[in-house]
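# Structural overview
Given next are the chains, with one letter for each unit.
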Amino acid sequence: MAEQTHVLFVEDDDVIREATQLALERDGFAVTAMPDGLSGLEAFRASHPDIALLDVMLPGLDGVSLCRRIRDESTVPVIMLSARADSIDVVLGLEAGADDYVTKPFDGAVLVARIRAVLRRFGHASGGAAKGEGHGTAAVGGVLSFGELEVDTEGMEVRRSGQPVALTPTEMRLLLEFSSAPGTVLSRDKLLERVWDYGWGGDTRVVDVHVQRLRTKIGQDRIETVRGFGYKLKA
């Protein structure tokens, strides 16, 4: 029997927490549910979940701060839960290191689909770009070079000026998409489909924030914005 996926769910609303926990358990997940940020952090450290679902508005330690603390210690996938799609908290959560977000109130089936989509891409971090498909200035043994940037598509490692660059699995998949076709403009919708596994329309802010995060790690000028179209990696 396959091992259950362990979900850490941090939500202060008792009704939402209990109902969502039951729904996730019915779908085969093992769930640790906590009512506030501090207990959520303790549970994260103690239980080492496969994925974390964090409400933005939490007592004690808010969801954005909790996400930041988790990201300081781990690359485990994080999905933020926000009551408003247009809330600045969505962007703050993504900037703190979250991989995706879901707006409340949410349908249980949609939440499960998003969880599984995140887990699929984390389980296959090399996903979008097949090995050897890149067209960098040099490719030796799966290593693509773009100026001072080196992307090892087999070892899933990145170096900038010889120094290792720590990327989350989502950031790595995003970089692999860019490095598989340097100089080619990739639209936000295409990136949502390939990196976030969205077979439906998604919020392009997810892409924009992750591109900004990636730029801070590999160089602000390495990924170029093509207004009205998307982004491209400079070869």
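In this report, the structure presented in the accompanying data block is examined. (Residues numbered from 1 in each chain as written. Predicted model: local features only at pLDDT ≥ 70, side-chain atom pairs only at ≥ 80, totals over all residues. Heavy atoms only, no water.)

## Observations concerning the packing of helix 2 (residues 37-47) against helix 3 (residues 63-73)
Put simply, the rule reads: Here the axes come from fitting lines to C-alpha atoms, over the contacting stretch only for helices, and the angles between their N-to-C directions go from 0 to 180 degrees. Under the DSSP-based scheme used, a helix requires at least four consecutive residues in state H or I and a strand at least two consecutive residues in state E, with every element numbered from the N terminus. For classification, angles of less than 35 degrees are called roughly parallel, those exceeding 145 degrees roughly antiparallel, those between 65 and 115 degrees roughly perpendicular, and all remaining angles oblique. If you view the pair so one helix is near and one far, a crossing is left-handed when the near helix is turned anticlockwise from the far one by less than a right angle, and right-handed when it is turned clockwise. Here, residues are in contact when the closest pair of their heavy atoms is within 4.5 Å.
Where helix 2 contacts helix 3, the two axes come as close as 10 Å, and the packing angle between them is 20°. Judged on the interaxial angle alone, helix 3 and helix 2 are roughly parallel. When the axes of helix 2 and helix 3 are compared, the crossing they make is right-handed. Facing helix 2, whose interface residues are Gly-37, Gly-40, Leu-41, Phe-44 and Arg-45, helix 3 presents Leu-66, Arg-69, Ile-70 and Glu-73.

## Things to note about helix 2
Spelled out, the test is: The buried label applies to any residue whose accessible area, calculated with a 1.4 Å probe on protein chains only, is under 20% of its type's maximum; exposed applies above 50%, and partly exposed to all values in between. Here a polar contact means two N or O atoms within 3.5 Å. Within protein one must be a hydrogen donor candidate and the other an acceptor candidate, and residues neighboring in sequence count only if both atoms are side-chain atoms.
Residues Gly-37, Ser-39, Gly-40, Leu-41, Ala-43 and Phe-44 constitute the buried set of helix 2. The distance from a side-chain oxygen at the start of helix 2 to the backbone nitrogen of Leu-38 is 3.2 Å, and the residue carrying that oxygen is Asp-36. The first or second residue beyond helix 2 is His-48, which carries a positive phi of 50°.

## Details of the pattern of salt bridges
Two side chains carrying opposite charge are able to pair once their charged atoms lie near each other. How we decide: We define a salt bridge as a contact between a side-chain nitrogen of Lys or Arg and a carboxyl oxygen of Asp or Glu at a distance within 4 Å.
Applying the stated criterion to the full structure yields twelve salt bridges. Across the pair Glu-11 and Lys-104 runs a salt bridge, and its minimum N-O distance is 3.0 Å. In this pair, Glu-11 is assigned in the loop between strand 1 (6-10) and helix 1 (14-26) and Lys-104 in the loop between strand 5 (100-103) and helix 5 (108-123), connecting sequence segments 93 residues apart. With relative accessibility at 1%, the residue Glu-11 sits in the buried group. For Lys-104, a relative accessible area of 14% gives the class buried. Here Arg-188 ties to Asp-208 by a salt bridge, and the two come within 2.7 Å at their closest N and O atoms. Residue Arg-188 is found in helix 7 (residues 188-195), and its partner Asp-208 is found in helix 8 (residues 205-218); the two are separated by 20 residues along the sequence. Owing to a relative accessible area of 23%, Asp-208 belongs among the partly exposed residues under this scheme. Three or more residues joined by partner-sharing salt bridges are found here, namely Glu-11, Asp-55 and Lys-104.

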